[in-house]
Amino acid sequence: MNVLLVGSGGREDAIARKIRETDTLYSVITNENPSIMGLSRGVMKYTIDSQKIVDFAQKNKIDIAFIGPDGVLETDLVDRLLENHIPVASPTQKAARIETSKEYMRNLMKKYRIRGDIENTLITNREDLEKFFRENNGEYAIKPIGLTGGKGVKVMGLQINGTAEAVAYASGILEKDGRVLLEKREIGEEFSIQAFTDGTHIAFMPVVQDYKRLYEDDLGPNTGGMGSISDQNFILPFISIDTVNEARDILKMIVDAMKMDGNPFKGVIYGQFMDTARGVKVIEVNARFADPEGINVLTLLKSNLVDIFLDIYSGTLKDNIKFINKATVLKYIVPPGYGIKPEESELTIKDGIESDNFKLYYSSVSGTMNMVKTSKSRALALIGIGNSIYEASDIVEDKLQYIKGDYYIRHDIGTEQMLKRKIKG
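This part takes up the overall build of the protein chain. Tallying secondary structure elements over the protein chain gives 14 helices and 21 strands in all. Here the C-alpha radius of gyration of the protein chain, 21 Å, is about what a compact globule of 425 residues would show, namely 22 Å. Once the C-alpha set of the protein chain is aligned to its principal axes, its extents read approximately 60 × 50 × 40 Å. Taking contacts inside the protein chain between residues at least 6 apart in sequence as the whole, the part at least 24 apart equals 66%. In the form shown here, the protein chain has an accessible surface area of approximately 17300 Å², with 47% of it arising from carbon and sulfur atoms.

Pasting the structure below:
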C-alpha cells in the first residue's frame, strides 16, 4: 500500500513508524523531521492549498491517507481528497468540528442528552460577560471556541485568580473570536480515552493520562503536553474500571449522535474525561490521535495500523485490535524557556539509544537523527516501556545520559512518588 501521512510532529513520527512496518510511506510535513523524512519514499512541504496535496497524492497513487494535526483537519483537505477518490481514514471538515468547535460539541451533547456534559454558557458580548460574573460566584474554565493547541483554556483558581482576571481574559477572547465559552469548573482526575471508529463501530485503545502543566508537581502554565503514562492492564491505578467503562459509553454515544445528526465521524476520536465526585465529565473531544497520549498507544499497538485505516474508510472496523500488555511513560524534551519564552537549541543524540524497552520519537525539530535543531515547540518524545509505570519512568531517566544539549524535561512524570500521591489522593 502507498500511504499518505500529513503532519511532522512526534505523534506523526509514531504513526509513520507503524505504517512503515508493512507499507510504503509518503509524507506532507511542516518541519523537516529527520525521522519521518528517512522513513518516507516521497516528501512534500505542507501548503494550505489542498489541491497541491491532492496532486501529490494522485501522482504517488496513494491507497489511503491519514491526517495527524488538528489544524489540518480544520481545513478542507480531507473533503478534497475524498472528492478526488482518494480514501482517507480521518474525519471530514464538518465532522472534525467535534474538536474544532467546542460550541458544536456542547450543543451535540445537549441535543442528544449525552451524560457527562458540563454546565456551560456561551457569551457573545461584553455586557453579558460582566452580567454573568456579577450573577455567578463559582469558578469557571474560560475557553476559546476553536483550536488553541492545548494552551488557550484557563481555569479560575488555577491559572486565573479572581473575577477581575477572569473577565479580562474572557474579554480578550471575545475581542478576538466574537464568542467565549464559560464552563463550570470540575474537580477530579483527568484521563484520555482514544478510539478508532468507522462512524458505526468503535474500538477503544488503552487509557492514558496526559500532563499539561509545565513544571513538576503539576505547576505552571498549560503546554501542549509535557508527557503521559499508561499501565499494563490498559487502565490506570487511580481510575476504576467502572469509571473507564462509563467514559467509553459516553464516547460511543457521541459517535452514535454524530451519525444520527447526519455528520458521521470516521477516524481516531478521543475524549478528555474527568473522574469527579459527580461521575465522569467530558472536558473536551478531539478528532485525532492525542499528542502525547497517541504516542503511548501507538508504541503498544500490535495490530496492523494500515489495515485499521482501510477498515475505518470502508466501514468494516473490527473490535479485535491488539496492544502489548506493558506500561509506558512518555516525557517530552522541550527547548529552554518552553511555555513562556522558548529559545531554539541544538541536541546531540547517541547512536543506538533505542531498545526493546525504549523509543525516541522526533517532533518539532530539523537536522539529522544524531543532531537536531529545536524549534520553539516540543522536540523529542522519550518513551519507556516496562512492567510498571514507575519502571518505565526509570527507563526514560536512564536514557537521558545519551542526549546532550540545552533542554528542559519534567522528571516527575510516572515516578513511584507521583503515583503513590495520586492513589492516596
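After presenting the structure, the write-up continues.
Between helix H1 (residues 10–20) and helix H12 (residues 305–314), the shortest axis-to-axis distance is 7 Å and the interhelical angle comes to 100°. On the basis of their axis angle, the class for H1 and H12 is roughly perpendicular. Along its contact with H1, which presents Ile15, Lys18 and Ile19, the element H12 presents Leu305, Val306 and Phe309. For the contact of H1 with H12, the per-class residue count stands at five nonpolar, no polar and one charged.

So, on to the sheet that holds strand E19 (residues 371–374). Strand order in the open sheet made by the four strands is E18-E19-E16-E21, with antiparallel pairing throughout. Strand pairing shows two members of the sheet lacking a second neighbour, strand E18 (365–367) and strand E21 (403–405), which therefore form its edges. Ignoring strand direction, the axes of neighbouring strands in this sheet form an average angle of 30°. Summarising the sheet, E18 and E19 pair through three bridges and their orientation is antiparallel. Bridged to glycine 367 within E19 is valine 372.

Thresholds, definitions, all that
- Residues numbered from 1 in each chain as written.
- Predicted model: local features only at pLDDT ≥ 70, side-chain atom pairs only at ≥ 80, totals over all residues.
- Heavy atoms only, no water.
- Helix = DSSP H or I, 4+ residues; strand = E, 2+ residues; numbered from the N terminus.
- Rg over C-alpha atoms; globule rule 2.2 N^0.38 Å.
- Contact = heavy atoms within 4.5 Å.
- Areas by Shrake-Rupley, 256 points an atom, 1.4 Å probe, with all protein chains shown as cover.
- Axes fitted to C-alpha atoms, helices over the stretch in contact; angles between N-to-C directions.
- Parallel < 35°, antiparallel > 145°, perpendicular 65-115°, else oblique.
- Nonpolar A, V, L, I, M, F, W, Y, C, P; charged D, E, K, R; others polar.
- Pairing = 2+ DSSP bridges.

All quantities given are derived from atomic positions and should not be read as evidence of function.
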